[in-house]
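Listed below are the residues making up each chain.
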Amino acid sequence: MHPDLIAERFTLRPLREADASAITAACQDPEILKWCMGVPLNYTEETARNYISLTRAAGEQGTELVWGIDASGKLAGIVTLHEIEGPFAELGFWAHPESRGQGLLTEALRVMIGFAFDPQGLGFDALGWTAIYGNDASRHVAEKLGFSDIEFVENGTAGRPDAASAPTRLDAWRATMTRQQWLEKNFRVS
Ligand SMILES: CC(C)(COP(=O)(O)OP(=O)(O)OC[C@H]1O[C@@H](n2cnc3c(N)ncnc32)[C@H](O)[C@@H]1OP(=O)(O)O)[C@@H](O)C(=O)NCCC(=O)NCCS
C-alpha cells in the first residue's frame, strides 16, 4: 500500500522518472553523502533512475516504501519506511539542500509516521530510527517526532557498502517508538 499522502504544504508521492535530476543534484550534497550510507558516491542521473525503478518494485512488493516530498512541483526530499518486517519498519530521510530549514522534513515524517501507525493505513506497531553517531540534525528531528531514550550503539550501523571491500560498521544512535508513544507525544492521549 503506497498511496499519495496529501498535506497543506506538500504531497508525499511515489518517485517518478522526472525526479531523477533533483535526486541527482541532492545526492551530490556532502551532508547526504556523510550521513546516508545507502546513497552511493559519484551519483549520476543513471544512479537516480535505477533507484527510482527499485523503489517502484520495492513499493509493489511492500519491502520498502519511498515517498518524494513534492512541494508545488519541487522535490524537497524523500522519506522512507525500509527494513519492513511485519508491523515494524525503520525510518529513512533526506532533504534537498535548497529545501532545508523550513520544517518540511519534520512535517513530512509526521505525515508518513501517522500513516504507518494508523490502523486504516499500515497499522504498524513500532518504528525505528537509526543515525550515524554525531548526526545532530537527524537526532533533533527524531526527538521532535517523539523518539526518546536514544541509545548509543557501538558499531551499530552499516558503513557505506562500496567504501571498502570488507563491510564496515559505524557507531550509531538508535531509538524505537511504539504507536502508543506516538499517540501520547502527538495527541496527548493515554
Ligand atoms: C536531517 C535533515 C533531513 C533535516 O532537514 P531540515 O530541512 O533541516 O529539517 P526541518 O526544517 O524539518 O527541521 C530540522 C530541525 O533540526 C534543527 N537542525 C538543523 N540542523 C541541525 C544541526 N546540525 N544540529 C541540531 N539541530 C539541527 C533545525 O533547527 C530544526 O529544528 P527546529 O524546528 O526546532 O528549529 C537534513 O539536515 C538532511 O537532509 N541531512 C542530510 C541527510 C540526513 O542526515 N538524513 C538522516 C539520516 S539518519
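Being a predicted model, the structure only gives us computed values, none of them experimental. (Residues numbered from 1 in each chain as written. Predicted model: local features only at pLDDT ≥ 70, side-chain atom pairs only at ≥ 80, totals over all residues. Heavy atoms only, no water.)

**Student:** Got a minute to help me understand the pairing of strand β3 (residues 65-71) in this structure?
**Tutor:** Across the 7 residues of β3, 7 count as buried, placing the element largely inside the fold. Of the two faces of β3, the one carrying L65, W67, I69 and A71 and the one carrying V66, G68 and D70 are both buried. Hairpin connection of β3 to strand β4 (residues 74-85): 2 residues between the antiparallel strands, including S72 at a positive phi of 50 degrees. (Buried < 20%, exposed > 50% of the residue type's maximum accessible area, 1.4 Å probe, protein only. Helix = DSSP H or I, 4+ residues; strand = E, 2+ residues; numbered from the N terminus. Pairing = 2+ DSSP bridges.)

**Student:** I would appreciate a short explanation of the site of the ligand in the present structure.
**Tutor:** Taken together, 23 residues lie around the ligand, and F93, A95, G103, T106 and K144 are the ones closest in. For the ligand, a nitrogen atom lies 2.8 Å from a polar atom in the backbone of F93. Here Q102 contributes a backbone N or O atom positioned 3.4 Å from an oxygen atom of the ligand. Summarising the interface, the protein chains cover 71% of the accessible area of the ligand, which totals 940 Å² for the free molecule. Those elements that provide at least two residues to the shell around the ligand are α2 (30-35), β5 (88-95), α4 (104-117), β6 (126-132) and α5 (136-145). Counting residues per element, the shell around the ligand draws most heavily on α5, at 6 residues. (Near = heavy atom within 4 Å. Polar contact = N/O pair within 3.5 Å; in protein donor to acceptor, adjacent residues only side chain to side chain. Areas by Shrake-Rupley, 256 points an atom, 1.4 Å probe, with all protein chains shown as cover.)

**Student:** Is there a simple way to think about the nonpolar core in this case?
**Tutor:** One broad trend across soluble globular proteins is that nonpolar side chains are buried collectively. By size, the foremost hydrophobic cluster in this structure holds 37 residues, and its most contacted members are V79, L81, L109 and L127. Contributing elements (two or more residues each) for this core: β3, β4, β5, α4, β6, α5 and β8 (169-178). For this core, the element with the most residues is α4, which contributes 9 residues. Judged by nonpolar contacts, the second largest core, of 16 residues, contains L15, L33, V39 and V66. (Core = buried A, V, L, I, M, F, W, Y, C linked by side-chain atoms within 4.5 Å.)

**Student:** Explain the pattern of salt bridges here, please?
**Tutor:** Two side chains that carry opposite charge are able to pair once their charged atoms sit near each other. Per the counting criterion, the structure on display carries 9 salt bridges. Here R13 makes a salt bridge to D19, at a shortest N to O gap of 2.9 Å. We note that R13, like D19, is buried. Note that R179 and D125 form a salt bridge whose closest N and O atoms lie 3.8 Å from each other. With R179 in helix α6 (residues 179-187) and D125 in the loop between α4 and β6, this pair connects stretches of sequence that are 54 residues apart. The class of R179 is partly exposed, set by a relative accessible area of 25%. For D125, a relative accessible area of 41% gives the class partly exposed. Here the salt bridges do not stand alone but share partners, grouping R13, D19 and D70 into one network. (Salt bridge = Lys/Arg side-chain N within 4 Å of Asp/Glu carboxyl O.)

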